[in-house]
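Listed below, chain by chain, are the residues.
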Amino acid sequence: MQDKVVVITGGTSGIGKALAIASLHAGAKVAVCGRKSETLQALEKEVASDNLYTYTADVSKEDDCKYFIEQVISRLGKIDILINNAGISMRALFRDVDLSVLRQLMDINFWGTVYCTKYALPSILANKGTVVGVSSIAGYRGLPARTGYSSSKFAMQGFLESLRTENLHTGINVMWVCPGFTSSNIRNTALNEEGRSQSETPLDEGKLMSAEAVADAVLKAINKRKRTLVLTGQGKLTVLLSKLFPGLLDGIVYNHFKKEPGSPLK
Ligand SMILES: NC(=O)c1ccc[n+]([C@@H]2O[C@H](COP(=O)([O-])OP(=O)(O)OC[C@H]3O[C@@H](n4cnc5c(N)ncnc54)[C@H](OP(=O)(O)O)[C@@H]3O)[C@@H](O)[C@H]2O)c1
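Residues numbered from 1 in each chain as written. Predicted model: local features only at pLDDT ≥ 70, side-chain atom pairs only at ≥ 80, totals over all residues. Heavy atoms only, no water.

Student: What is the right way to look at a nonpolar patch on the surface in this model?
Tutor: Taken together, Leu237, Leu240, Leu244, Phe245, Leu248 and Ile252 make up a surface patch of nonpolar side chains, about 590 Å² in accessible area. Elements that contribute at least two residues to the nonpolar patch include exactly α8 (233–244) and α9 (246–258). (Patch = residues over 30% accessible without salt bridge, like charges linked within 9 Å, V, L, I, M, F, W, Y side chains within 5 Å. Areas by Shrake-Rupley, 256 points an atom, 1.4 Å probe, with all protein chains shown as cover. Salt bridge = Lys/Arg side-chain N within 4 Å of Asp/Glu carboxyl O. Helix = DSSP H or I, 4+ residues; strand = E, 2+ residues; numbered from the N terminus.)

Structure below.
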């Protein structure tokens, strides 16, 4: 990581923030983006590092992504590692949800990854660097009341697997990371059926894996140039069972999510 340039989308909260801090501690120059200048300023204040560079950018907008990546390259000279982390979630049954919710999920989680990767790739190729996508267990297994979230993460993984394979002999590494439930702000900002933030989490966030532990595992996986990283025992078991016994898992997953406080599953 020493003197590498690491770009992280959505670096102001949760996993992205933990990745930014861990990368700085490992000696990297770190550029992060987010949609709100106040939270970017708060991060600058908290971290107080000359090696942190912040940019306002909404990854669902191609022009923002192009400008963000161009600014990083012009200021820092290169990109070694791009971590496509910015993401949002949802909770609503498909029969109730406004389709604009699914579009937003695809625009941020999938298209945000595509745009940033497109503009960063020439520099990453020149530096034989790494492209990372922060996906989810929901990218291996469709989850009820998360049609837009699962779709966006399946799409992200398909994109990254194709990109990985076509670059097999170019010297870059492409990896996707699937955290299990991780303590963060994502369930507070998750969209309901009308596209409004649900504003509360149905889980006890304190009992979940910490964003710092996820960041630590991701940086180790980047250094080892791994193909994929699946986190938490529950996450690993879900991915395994979805390959071996997909029908059995339908019932297990349904029952699990039905028990969540406020679940729309009846
Ligand atoms: N937490 C989990 O349980 C979990 C599990 C599996 C996978 N993940 C994945 O991990 C990633 C990070 O999520 P998190 O849990 O750390 O959530 P989080 O605490 O809500 O952080 C999300 C970050 O993304 C940024 N962001 C959201 N929309 C954006 C946009 N359009 N453009 C730019 N930045 C945007 C947010 O900043 P602004 O709102 O200021 O823009 C924030 O910095 C996501 O891709 C998520 O799907 C999370």
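Having seen the structure, we can now continue with the description.
Student: Honestly, the nonpolar core in this entry has me stumped. Any pointers?
Tutor: Nonpolar side chains in soluble globular proteins tend to be buried together. Ranked by internal contacts, the top residues of the largest apolar core, which has 51 residues, are Val7, Phe68, Val72 and Met90. Here this core gets 9 residues from one element, more than from any other, and that element is helix α4 (residues 99–126). If you look at the next biggest cluster of nonpolar residues, it comprises 30 residues, including Ala28, Leu40, Leu43 and Val218. (Core = buried A, V, L, I, M, F, W, Y, C linked by side-chain atoms within 4.5 Å. Buried < 20%, exposed > 50% of the residue type's maximum accessible area, 1.4 Å probe, protein only.)

Student: For this particular structure, what's the right way to read helix α1 (residues 14–25)?
Tutor: The first and last C-alpha atoms of α1 sit 17 Å apart over 12 residues, in line with the 16 Å expected at 1.5 Å per residue. Taken as a whole, α1 has its buried residues at Gly14, Ile15, Gly16, Ala18, Leu19, Ala20, Ser23 and Leu24. Contacts made by the buried residues of α1 are with β1 (5–9), β2 (29–34), α2 (37–47), β3 (52–56), β4 (81–84) and α7 (211–223). Phi turns positive one or two residues past the end of α1, at glycine 27, with a value near 100°. (Expected span 1.5 Å × (residues − 1). Contact = heavy atoms within 4.5 Å.)

Student: Is there a simple way to explain the pairing of strand β6 (residues 173–178) in this structure?
Tutor: For a regular strand, side-chain orientation follows a simple rule: the groups alternate between the two sheet faces. In terms of burial, β6 is largely enclosed, as 6 of its 6 residues are buried. Neither face of β6 is exposed, since Asn173, Met175 and Val177 on one face and Val174, Trp176 and Cys178 on the opposite face are all buried. Sheet topology places strand β5 (residues 130–134) next to β6; 5 bridges connect them, and they run parallel. The partner of valine 132 across the bridge, within β6, is methionine 175. In terms of handedness, the path from β5 via helix α5 (residues 147–166) over to β6 forms a crossover that is right-handed. Direction of pairing for β6 relative to strand β7 (residues 228–230): parallel, over a ladder of 3 bridges. Paired with cysteine 178 across the bridge in β7 is valine 230. (Pairing = 2+ DSSP bridges. Right-handed = clockwise from strand over helix to strand, strands pointing away.)

Student: What am I meant to see in the packing of aromatic side chains here?
Tutor: Within this structure, the stated rule accounts for 5 aromatic pairs. On the numbers, 6.4 Å between centres and 90° between planes, the contact of phenylalanine 110 with phenylalanine 159 is edge-to-face. Of the two residues, phenylalanine 110 is situated in helix α4 and phenylalanine 159 in helix α5; the sequence distance between them amounts to 49 residues. Each member of the aromatic cluster is reached from another via a ring pair, and the members are Phe110, Trp111, Tyr115 and Phe159. (Phe/Tyr/Trp six-rings, centres within 6.5 Å; stacked < 30°, edge-to-face > 60°.)

Student: Any chance you could explain the pattern of salt bridges here in plain terms?
Tutor: For the structure on display, the rule yields 11 salt bridges. Between lysine 17 and glutamate 46 there is a salt bridge, with the nearest N and O atoms lying 2.8 Å from each other. Of the two residues, lysine 17 is situated in helix α1 and glutamate 46 in helix α2; the sequence distance between them amounts to 29 residues. Classification of glutamate 46 by relative accessible area gives exposed; the value is 51%. Across the pair lysine 220 and aspartate 216 runs a salt bridge whose closest N-O atoms are separated by 3.1 Å. Of this pair, lysine 220 and aspartate 216 both sit in helix α7, 4 residues apart, roughly one helical turn.

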